[in-house]
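# A look at the structure
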Amino acid sequence: MAKSGREKKEKKGNIVGRILYGQVISSDFFAKHWLTAFAALTIIMIFITNKYNCQTKMEEIRRLETELEIVKTERIRVRSAYMSRTRESSMQHLVDSLGLNLHVQEKPPYKL
């Protein structure tokens, strides 16, 4: 029993030693399995590229959403100004047609 425990330790030590000295994964391994290694490397590169593209697109979406909110706010402001001018001009036409002699002040009122 003591011998089997030592053998397991020696095997573990041998595996670690073999990995450190390049005996497990050597040039022979890559020569035999070059297609599998190339396929694995290609899949990893595709994954990294995909993730980068996804993050880039998400940042662009956030930027465009922010820009959209700004444009919507500007549209509402401009529409409000247009509607107030339209109402003002229609009221001016109505006042002129009634002959009330009222005009829009050029200067704003001030307090005394």
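Residues numbered from 1 in each chain as written. Predicted model: local features only at pLDDT ≥ 70, side-chain atom pairs only at ≥ 80, totals over all residues. Heavy atoms only, no water.

### With respect to the overall build of the protein
Across its full length, the protein carries three helices and zero strands. Element order for the protein, N to C, with α for helix and β for strand: α-α-α. Counting every position in the protein, which comprises 112 residues, the buried fraction comes to 2%. Carbon and sulfur atoms form 63% of the exposed surface of the protein, whose accessible area is close to 11400 Å². (Helix = DSSP H or I, 4+ residues; strand = E, 2+ residues; numbered from the N terminus. Buried < 20%, exposed > 50% of the residue type's maximum accessible area, 1.4 Å probe, protein only. Areas by Shrake-Rupley, 256 points an atom, 1.4 Å probe, with all protein chains shown as cover.)

### Considering a nonpolar patch on the surface
Together, Leu41, Ile44, Met45, Phe47 and Ile48 line one region of the surface with nonpolar side chains, adding up to about 530 Å² of accessible area. Of note, Ile48 is situated in helix α3 (residues 34–98). (Patch = residues over 30% accessible without salt bridge, like charges linked within 9 Å, V, L, I, M, F, W, Y side chains within 5 Å. Salt bridge = Lys/Arg side-chain N within 4 Å of Asp/Glu carboxyl O.)

### What about α3?
End to end, α3 covers 94 Å across 65 residues, agreeing with the expected 96 Å (1.5 Å per residue, within 8%). Note on α3: the residue one or two positions beyond its end, Gly99, has a positive phi of about 70°. (Expected span 1.5 Å × (residues − 1).)

### Quick look at the pattern of salt bridges
A full pass over the atoms with the stated rule returns two salt bridges. Residue Glu67 pairs with Arg63 through a salt bridge whose shortest N-O separation is 3.6 Å. You can see Glu67 and its partner Arg63 sitting in helix α3, four residues apart, about one turn around the helix. The class of Glu67 is partly exposed, set by a relative accessible area of 42%. One salt bridge in this structure joins Glu74 and Arg77, with 2.6 Å as the shortest N-O distance. Of this pair, Glu74 and Arg77 both sit in helix α3, three residues apart, which is roughly one turn of that helix. Assessed through its relative accessible area of 49%, Arg77 is described here as partly exposed.

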